[in-house]
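# A structural walkthrough
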Amino acid sequence: MSKICQITGKKAMVGNNVSHSNRKTKRKFDVNLFTKKFYWVEQDCWISLNISANGLRTINKLGLDAAIRKAADKGYLNV
């Protein structure tokens, strides 16, 4: 399972670890991702989504149905 938010499409970013002597080594900045189950009233079923904290805020703001429709339009979610 890839570490991508199904609502916002956020992925891991790449950057550098910078030591005290200013040496730079590659590292990954992972997304704050977790699995959460939601009850989708319009479809009358439970769904499980991998969402970031920002995606959860989006669902709280827009509602589950609008957030899923928006994510499907952008291609982040297959419904």
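Up top is the structure these notes are about.
Below: a short report on this structure.

What counts, and where the lines are drawn
- Residues numbered from 1 in each chain as written.
- Predicted model: local features only at pLDDT ≥ 70, side-chain atom pairs only at ≥ 80, totals over all residues.
- Heavy atoms only, no water.
- Buried < 20%, exposed > 50% of the residue type's maximum accessible area, 1.4 Å probe, protein only.
- Helix = DSSP H or I, 4+ residues; strand = E, 2+ residues; numbered from the N terminus.
- Arc of directions from axis to C-beta.
- Contact = heavy atoms within 4.5 Å.
- Phe/Tyr/Trp six-rings, centres within 6.5 Å; stacked < 30°, edge-to-face > 60°.
- Lys NZ or Arg CZ within 6 Å of the ring centre and 35° of its normal.
- Patch = residues over 30% accessible without salt bridge, like charges linked within 9 Å, V, L, I, M, F, W, Y side chains within 5 Å.
- Areas by Shrake-Rupley, 256 points an atom, 1.4 Å probe, with all protein chains shown as cover.
- Salt bridge = Lys/Arg side-chain N within 4 Å of Asp/Glu carboxyl O.
- Lys, Arg positive; Asp, Glu negative; His and termini not counted.
- Charge placed at Lys NZ, Arg CZ, Asp CG, Glu CD.
- Pairing = 2+ DSSP bridges.
- Core = buried A, V, L, I, M, F, W, Y, C linked by side-chain atoms within 4.5 Å.

### Here's the deal with helix α2 (residues 64–74)
Of the positions making up α2, those classed as buried are Leu64, Asp65, Ala67, Ile68 and Ala71. The buried residues of α2 occupy one face: seen down the axis, they fall within an arc of 165 degrees. Exposed residues pointing more than 90 degrees away from the buried face of α2 are listed as Asp73 and Lys74. In this structure, the buried side of α2 is in contact with β3 (33–40), β4 (45–52) and α1 (53–62). Directly after α2, the chain includes Gly75, whose backbone phi takes a positive value near 90 degrees.

### Let's talk about the packing of aromatic side chains
Enumeration according to the criterion identifies 1 aromatic pair in this entry. The ring of Phe29 is capped by Arg27, whose NZ or CZ atom sits 3.9 Å from the centre of that ring. Geometry around Phe38 places Lys36 over its ring, the cationic atom sitting 5.8 Å from the centre.

### A few points about the environment of Asn32
Examined against the element boundaries, Asn32 turns out to sit in the loop between β2 (24–29) and β3. Separated by 19 residues in the primary sequence, Asn32 and Ile51 place their C-alpha atoms 8.2 Å from one another. Beyond its immediate sequence surroundings of up to four residues, Asn32 is in contact with Ile51, Ser52 and Ala53.

### A few points about a positive patch on the surface
A surface patch of like charges, here positive, comprises Arg57, Lys61, Lys70 and Lys74. Those elements that provide at least two residues to the positive patch are α1 and α2. In this structure, Lys70 sits in helix α2.

### Notes on the pairing of β4
Here 8 bridges tie β3 to β4, and the two strands are oriented antiparallel to one another. Bridge assignment links Lys36 to a residue of β4, and that residue is Leu49. The antiparallel pairing of β3 with β4 creates a hairpin that spans 4 residues between the two strands, and Asp44 there sits at a positive phi of about 55 degrees.

### A closer look at the nonpolar core
Within the largest apolar cluster, 13 residues are counted, with the highest numbers of intra-cluster contacts made by Ile7, Phe38, Ile47, Leu49, Ile51, Ile59 and Leu64. The set of elements that each furnish at least two residues to this core consists of β3, β4 and α2. With 4 residues, α2 is the single largest residue contributor to this core. Setting aside residues up to four positions removed in sequence, Phe38 forms contacts with Cys45, Trp46, Ile47, Leu49, Ile51, Leu56, Ile59 and Leu64.

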